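Coordinate analysis (summary)
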2 protein chains.
Amino acid sequence: MRLSDIGEFGLIARFAPRFLERLPAGTVGIGDDCAVLPWTKDRRLLVTTDMLVEGVHFLRAAIPARDLGYKSLAVNLSDIAAMGGRLTAAFLSLGIPACVEVEWLDAFFRGIRDLAAAENVPLLGGDTTKSPGPLVINLAVLGAARRGRIKFRSGARPGDAVVVTGSLGDSAAGLRVVLEKRPRGRDEAALVRRHNRPRPHIPEGAWLAGRKAVTAMMDVSDGIDSDLRRIMERSDCGAAVNLDALPLSALLRRTARRYGWDERELAAAGGEDYCLLATVRRDASAETAAAFERAFGRPLVRIGTITAAGDGLRYFAGGRPAALRRRGFDHFTSKV
Amino acid sequence: MRLSDIGEFGLIARFAPRFLERLPAGTVGIGDDCAVLPWTKDRRLLVTTDMLVEGVHFLRAAIPARDLGYKSLAVNLSDIAAMGGRLTAAFLSLGIPACVEVEWLDAFFRGIRDLAAAENVPLLGGDTTKSPGPLVINLAVLGAARRGRIKFRSGARPGDAVVVTGSLGDSAAGLRVVLEKRPRGRDEAALVRRHNRPRPHIPEGAWLAGRKAVTAMMDVSDGIDSDLRRIMERSDCGAAVNLDALPLSALLRRTARRYGWDERELAAAGGEDYCLLATVRRDASAETAAAFERAFGRPLVRIGTITAAGDGLRYFAGGRPAALRRRGFDHFTSKV
């Protein structure tokens, strides 16, 4: 049987159960943004790991080395943010093709250090080896969270508001600028920067994790069309998303208009936004949004509602049912 | 500048200092078998990560999938053993070429589970992606150790005895059986098994870490010719090794005789033994060895003595200076 027959999620579904038996007390294994382990009486240890492979997750010719270093760390920090954690330490493994020069690595490590310094997370170790194929980057990141202040994908209930902590689609538009080799005006350059140097929403995650009304949380890595389905699956519920409510930056709107791109498609299915997707109890959603805006000076944007199990993910626009042309991303079944 | 000009250790020497500034209190970063972080008042968290790349660390045609799974976890558990830790959790990232079948992955995960179950270490998470090149396996493993009961590479002092916890060279001989396509008699099969399914010396490591007389410790991954140099470098000392004293299994002796292999060369420079290499204060080395033998029913074998800084690594045989033909291994400068 080929991997492309079952896909990444099929693969995980096949193997995860074997490793979910007999977990130690206080431990959460495979299935969320991070694993959770006991630490002290009041604290839990969060662990996440991500592998980025050249030709699958990035093209070395299409992203500066410094941005790639920055982004590799950012996507892992975002997983800690998604559980509401603070950052503890990072570990880097690199498989390096012979053609990569030391100067390229200098810039790559500078990018890692840019974000590590900004977020105050030490790089404490790792491994380096040569690779006869693509450049391979693996990060493992540890974080910490107060017990009882960790949000999972599994807590959403029908009626909950679906919210996001930032605008959607900028990153996907930035990738499209790169892939379509669009001229780099100021807008295009800004979108590419959003794609190359995403900001992990660490403070937003910690803040949301501290609110009892927040029932589920994860980060937006594959696009809400993909990511919201994971909350639905873990929480056994459906969802309705209002495409008119997706938060789009002025930058994205202008650029989409310029090139005739479908801005909602980019926002819903593009991915790599690395803001947070959360669900909030209906009775507290207005108050939570107001408090978020006071804390961060930006809105917590409601994009939809959790519905009953079996409803699936439904989209609406202009008050009527709508559909996306593109679906979420699966590395194993995609042709990219 | 090419990576092959500076090698793996040159690369680490170039980048590690940038990440060793301003570490949090109680934290040990890059440079030992594991990083060490504060956990509870009395406990420390150990973290190690290793990347294994097809064509560099293994050949998929030369090792059964189940053994590869087992070994990938074993080499990481060995790093926890090297610091004296107990095992807490493991995390796996896999980059999978399209040609790998699901049945192969079934066997690979079975091998991981064999060792995870035997050592009682849960696999709590990871990442899977496709790879357009080689199969890439990254493990990150967490362990725990009592504060003050962690051994580093940096504590060796002139006069200390150099000891190992198991026989050397079996694994290298097993690899040679595979690469030279030797007929698989009972001896050859046993050596291949030693290469494919190394036993991490977790109990031995915890035991040695509990002895004050043990001054430095690491695991034997690249062969003592390479590994002892790392203790020398971190401890600022030299070493003298008696090649006559290297512990060789009867299996290795017989097989080396059969094929005309240099058994001492395999033992000193072959690598992948995954037993432990330690240094013990001279005044306590006999007592430590006797207690080790009572505890494990096997000897703690003295192979040499730590000498003054500047002496380098010197070999002796038959009471006279001797030399190895082969030197330790560096992935970036080697042609393999």
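Structural notes, computed from the coordinates. This is a predicted model, so every value here is computed, not measured.

1. Digging into the sheet that holds strand S8 (residues 238-242) of chain A
All names here are of chain A.
- An order of S7-S9-S6-S10-S8-S11-S12 is seen for the 7 strands of this open sheet, with the pairing classed as mixed. Whereas interior strands pair on both sides, the edge strands pair on one side only; in this sheet they are strand S7 (214-219) and strand S12 (320-322). For this sheet the average axis-to-axis angle between neighbouring strands, irrespective of direction, equals 30 degrees.
- Bridging between strand S11 (residues 313-317) and S12 involves 3 bridges; their strand directions are antiparallel. Counterpart to Phe 316 in the pairing with S12 is Pro 321.
- Taken strand by strand, helix H2 (residues 65-83) contacts S7 and strand S9 (276-280), and its axis lies near 175 degrees from that of S7.
- Against the sheet, helix H6 (residues 202-209) engages S7 and S9, with an angle of about 160 degrees to S7.

2. Brief notes about the interface of chain A and chain B
- Taken residue by residue, the interface counts 73 residues in chain A and 73 residues in chain B.
- A per-residue breakdown of the area chain A buries against chain B is headed by Phe19(A), Leu124(A) and Lys130(A), which together make up 12% of the total.
- The tally of links between chain A and chain B comes to 2 salt bridges.
- The salt bridge partner of Asp106(A) is Arg14(B), with a shortest N-O separation of 2.7 Å.
- For the pair chain A and chain B, the interface holds 13 residue pairs in polar contact (both at pLDDT 80 or more).
- Listing elements by their share of the side of chain A that touches chain B, those giving two or more residues are helix H1 (3-19), strand S1 (35-38), strand S2 (43-53), strand S3 (86-96), helix H3 (102-119), strand S4 (123-130) and strand S5 (136-146) of chain A.
- At 9 residues, H1(A) tops the list of elements feeding residues into the side of chain A that touches chain B.
- Across the side of chain A that touches chain B, the residue classes tally to 40 nonpolar, 17 polar and 16 charged.

3. Side note on the sheet that holds S3(A)
Residues and elements named next belong to chain A.
- Taken together, the 5 strands give an open sheet; going across it, the order is S1-S2-S5-S3-S4, and neighbouring strands pair in mixed fashion. Only two strands of the sheet have a single neighbouring strand rather than two, namely S1 and S4. Pairwise comparison of adjacent strand axes, ignoring direction, gives a mean angle of 20 degrees for this sheet.
- The pairing of S3 with S4 spans 7 bridges and is parallel. By the bridge assignment for S4, Leu 92 is matched with Gly 126.
- Where H3 meets the sheet, its contacts fall on S3 and S5, and the angle it forms with S3 comes to roughly 170 degrees.

4. Let's talk about the packing of aromatic side chains
- The full count for this structure, using the stated rule, is 14 aromatic pairs over all chains.
- Relative to Phe296(A), the ring of Phe292(A) has its centre 4.7 Å away and its plane inclined at 40 degrees; by these criteria the two rings are tilted. With a gap of 4 residues between them, Phe292(A) and Phe296(A) both fall in helix H10 (residues 285-296), about one helical turn apart.
- Residue class for Phe292(A) comes out buried when judged on its relative accessible area of 0%.
- Through a chain of ring-to-ring contacts, three or more aromatic side chains come together here, namely Phe15(A), Trp104(B), Phe108(B) and Phe109(B).
- Over the face of the ring belonging to Tyr70(A) we find Arg197(A), whose NZ or CZ atom lies 4.1 Å from the ring centre.
- Directly above the ring of Trp39(B) sits Arg43(B), whose terminal nitrogen or CZ lies 4.5 Å from the centroid.

5. Re helix H7 (residues 224-235) of chain B
All names here are of chain B.
- With 12 residues, H7 extends 15 Å between its outermost C-alpha atoms, agreeing within 8% with the 16 Å of an ideal straight helix rising 1.5 Å per residue.
- Counted residue by residue, H7 has 9 buried out of 12 residues, so it is predominantly covered.
- Buried within H7 we find Ile 224, Asp 225, Ser 226, Asp 227, Leu 228, Arg 230, Ile 231, Met 232 and Ser 235.
- Asp 236 sits one or two residues past H7 and shows a positive phi near 55 degrees.

6. A look at the pattern of salt bridges
- Enumeration according to the criterion identifies 48 salt bridges over all chains in this entry.
- Residue Glu54(B) pairs with Arg60(B) through a salt bridge whose shortest N-O separation is 3.1 Å.
- Taking relative accessible area as the criterion, Arg60(B) reaches 21% and is therefore assigned partly exposed.
- Between Glu188(B) and Arg258(B) there is a salt bridge, with the nearest N and O atoms lying 2.9 Å from each other. Here Glu188(B) is found in helix H5 (residues 186-196), whereas its partner Arg258(B) is found in helix H8 (residues 250-259), with 70 residues between them in sequence.
- Assessed through its relative accessible area of 4%, Glu188(B) is described here as buried.
- Three or more residues are tied together by salt bridges with common partners; here these are Arg66(A), Asp67(A), Asp114(A) and Arg197(A).

What counts and what doesn't
Residues numbered from 1 in each chain as written. Chains lettered and ligands numbered in written order. Predicted model: local features only at pLDDT ≥ 70, side-chain atom pairs only at ≥ 80, totals over all residues. Heavy atoms only, no water. Pairing = 2+ DSSP bridges. Helix = DSSP H or I, 4+ residues; strand = E, 2+ residues; numbered from the N terminus. Axes fitted to C-alpha atoms, helices over the stretch in contact; angles between N-to-C directions. Contact = heavy atoms within 4.5 Å. Buried area = accessible area lost by both parts, 1.4 Å probe. Salt bridge = Lys/Arg side-chain N within 4 Å of Asp/Glu carboxyl O. Polar contact = N/O pair within 3.5 Å; in protein donor to acceptor, adjacent residues only side chain to side chain. Nonpolar A, V, L, I, M, F, W, Y, C, P; charged D, E, K, R; others polar. Phe/Tyr/Trp six-rings, centres within 6.5 Å; stacked < 30°, edge-to-face > 60°. Buried < 20%, exposed > 50% of the residue type's maximum accessible area, 1.4 Å probe, protein only. Lys NZ or Arg CZ within 6 Å of the ring centre and 35° of its normal. Expected span 1.5 Å × (residues − 1).

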